[in-house]
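Coordinates in review
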Amino acid sequence: MKFLFGVEAFCLACFVLLSQVSAKNSEDIRCKCICPPYREVEGQIYKQNVSLKDCNCLHVVEPMPVDGKDVEAYCLRCECKYEERSSGTIKVTIIIYLSILGLLLLYMVYLTLLEPMLKRRLFGHSQLIQSDDDVVGDQQPFANAHNVLSHSHSRSNMLNKVEHAQQRWRRQVQEQRKSVFDRHVVLS
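Residues numbered from 1 in each chain as written. Predicted model: local features only at pLDDT ≥ 70, side-chain atom pairs only at ≥ 80, totals over all residues. Heavy atoms only, no water.

Regarding the pairing of strand S1 (residues 29-35)
- The pairing of S1 with strand S3 (residues 79-84) spans six bridges and is antiparallel. Counted as the bridge partner of Ile34 is Glu79 from S3.
- Bridge analysis of S1 against strand S2 (residues 44-48) gives five bridges, and the strand direction is antiparallel. Within S2, the residue paired with Ile34 across the bridge is Ile45. (Pairing = 2+ DSSP bridges. Helix = DSSP H or I, 4+ residues; strand = E, 2+ residues; numbered from the N terminus.)

Given below as structure tokens:
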């Protein structure tokens, strides 16, 4: 998993460097003119890849829908905006998003497929170890979790104890739900 993260980080760094070196695409800059309806001409949106100084109706609106003296009146009604975007930043953002999504997908596959197989392999030949404090009324189900984690020498024993603590906690929650919802008793 660490190897996969390293490869993704390396690919991302290479992509960022390559996108910084390359020149701006013509799609990264444009002028967009929004022209409302004028006499018999319907309203339209015109887009053209021009520089900032040429971002006006005369350079962007092609073909001109009106003739002669109406061109100036038509262009006065149009609203032209110069737009610039960084496609490199957009690409990097998408790559980061897809990488995180991929890692989450891999983790989900691990949790649903590999973890149960590993548990069967680890616990298949050993019995579950249950400690003496199997009392439902225990006030702190994870009070000894630190001791379990620090004193356990084998992975299977540690996982058994943690699972056992989780089961105790679930039973306590179930008992509390019964008390509150069935018997209508609130603990003080």
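What to know about the state of the cysteines
- A complete count under the given rule lists four disulfides for this structure.
- Shown here is the disulfide that connects Cys31 with Cys55, its sulfur atoms set 2.0 Å apart. Judged by the torsion about the S-S bond (70°), the Cys31/Cys55 disulfide is right-handed. With a gap of 24 residues between them, Cys31 in strand S1 and Cys55 in the loop between S2 and helix H2 (57-60) connect regions that are remote in the sequence.
- Between the sulfur of Cys35 and that of Cys78 lies a disulfide, 2.0 Å long from S to S. Residues Cys35 and Cys78 share a disulfide whose torsion about the S-S bond is about 115°; that sign makes it right-handed. Placement of the pair is Cys35 in strand S1 and Cys78 in the loop between helix H3 (70-77) and S3, with a sequence separation of 43 residues. Comparing Cys35 with Cys78, the two get one shared label, buried.
- Disulfide connectivity for the protein chain, with bonded cysteines indexed by sequence position, reads 1-4, 2-8, 3-7, 5-6. (Disulfide = S-S within 2.5 Å. Buried < 20%, exposed > 50% of the residue type's maximum accessible area, 1.4 Å probe, protein only.)

Thoughts on the sheet that holds S2
- Spatial ordering of the open sheet is given by S2-S1-S3, a layout of three strands whose pairing is antiparallel. The outermost strands of the open sheet, each flanked by one partner alone, are S2 and S3. The mean inter-strand angle of the sheet, taken between neighbouring strand axes irrespective of direction, is 20°. (Axes fitted to C-alpha atoms, helices over the stretch in contact; angles between N-to-C directions.)

Looking at the nonpolar core
- By size, the foremost hydrophobic cluster in this structure holds 16 residues, and its most contacted members are Cys33, Cys35, Tyr46, Val61 and Tyr74.
- Beyond its immediate chain neighbours, meaning those up to four positions away, Tyr46 contacts Cys31, Lys32, Cys33, Cys35, Val60, Val61, Glu62, Pro63, Pro65 and Tyr74. (Core = buried A, V, L, I, M, F, W, Y, C linked by side-chain atoms within 4.5 Å. Contact = heavy atoms within 4.5 Å.)

As for a nonpolar patch on the surface
- Residues Leu105, Tyr107, Met108, Val109, Tyr110, Leu111, Leu113, Leu114, Met117 and Leu118 make up a contiguous nonpolar surface patch of about 880 Å² in total accessible area.
- Judged by relative accessible area, Leu118 falls into the partly exposed class, the value being 37%. (Patch = residues over 30% accessible without salt bridge, like charges linked within 9 Å, V, L, I, M, F, W, Y side chains within 5 Å. Areas by Shrake-Rupley, 256 points an atom, 1.4 Å probe, with all protein chains shown as cover. Salt bridge = Lys/Arg side-chain N within 4 Å of Asp/Glu carboxyl O.)

Some words on the side chain of Asp28
- With respect to the helices and strands, the residue Asp28 is situated in the loop between helix H1 (2-21) and S1.
- Side chain to side chain, Asp28 and Ser87 meet in a polar contact 3.2 Å long.
- With sequence-adjacent residues up to four places away left out, Asp28 is seen in contact with Glu83, Glu84, Arg85 and Ser87. (Polar contact = N/O pair within 3.5 Å; in protein donor to acceptor, adjacent residues only side chain to side chain.)

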